[in-house]
Amino acid sequence: REMDDLRQSVQNATYEQKDPLLIYKFESFGLFSKMIIKVNRDVLARFEKLLDDYFDSDKPRRIGLPSVAYCADQLHFSPNYFGDLIKKETGRSAIEHIHLSVIEHVKQYLMDTDMTVSEIAYAVGFQYPHHLSRMFKKIVGCNPREYRRE
């Protein structure tokens, strides 16, 4: 809203009426918005690293799948703000990102190991292996066994 008001003020003013401070504010706001985009991308990169580190540790076996609240806390945000930030930056919710990260790690296990689907499910934090199979099929389009055979 403030940005729109500022833009409208600058556009409607004649050359003589334009306040140099107002123009400076307008130009600074553009730079500020570029800084916000950079910060948001940094948060996304930190989120992805957090997920990679999480799945490369023993945390999935100990505490299960990461939640949005857990990730937000680790990155020092409130869960709602963090979810909004991720959604605004990517168009996907934070939980969708977590699920996609889970699926990528499961794909690695399927291709690089001889672990059963149940073992993989427990390794990435599922309490029940059929939950992994359901999520995998929903996202990938086939079940984990079919994916491994392909």
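Located above this text is the structure these notes cover.
Predicted, not measured: the structure shown is a model, and the values here were computed from it.

Mind laying out the pattern of salt bridges, listing which residues take part and the relevant values?
A full pass over the atoms with the stated rule returns 4 salt bridges. Between Glu104 and Lys107 there is a salt bridge; the shortest N-O distance is 3.5 Å. Here Lys107 and Glu104 lie together in helix α6 (residues 94–112), a separation of 3 residues that amounts to about one turn. Taking relative accessible area as the criterion, Glu104 reaches 43% and is therefore assigned partly exposed.

I'd love a proper account of the packing of aromatic side chains, names of residues and values included.
For any two aromatic rings, the description comes down to two numbers: the centre-to-centre distance and the angle of the planes. Applying the stated criterion across every chain yields a total of 6 aromatic pairs. Arranged with centres 5.6 Å apart and planes meeting at 35°, the rings of Phe77 and Tyr81 form a pair that is tilted. Judged by its relative accessible area of 22%, Phe77 is partly exposed. Counting every residue linked through ring pairs, the aromatic cluster contains Phe47, Phe77, Tyr81 and Phe82.

So what about the packing of α6 against helix α7 (residues 117–124)? Which residues, and what values?
At a minimum axis distance of 10 Å, the contact between α6 and α7 shows a crossing angle of 140°. Put simply, α6 runs oblique to α7. Pair α6 / α7 crosses with right-handed handedness. Taken together, the residues of α7 that come into contact with α6 (itself represented by Val102, His105, Val106, Tyr109 and Leu110) are Val117, Ile120, Ala123 and Val124.

Calculation criteria
Residues numbered from 1 in each chain as written. Predicted model: local features only at pLDDT ≥ 70, side-chain atom pairs only at ≥ 80, totals over all residues. Heavy atoms only, no water. Salt bridge = Lys/Arg side-chain N within 4 Å of Asp/Glu carboxyl O. Helix = DSSP H or I, 4+ residues; strand = E, 2+ residues; numbered from the N terminus. Buried < 20%, exposed > 50% of the residue type's maximum accessible area, 1.4 Å probe, protein only. Phe/Tyr/Trp six-rings, centres within 6.5 Å; stacked < 30°, edge-to-face > 60°. Axes fitted to C-alpha atoms, helices over the stretch in contact; angles between N-to-C directions. Parallel < 35°, antiparallel > 145°, perpendicular 65-115°, else oblique. Left-handed = near helix turned anticlockwise from the far one by under 90°. Contact = heavy atoms within 4.5 Å.

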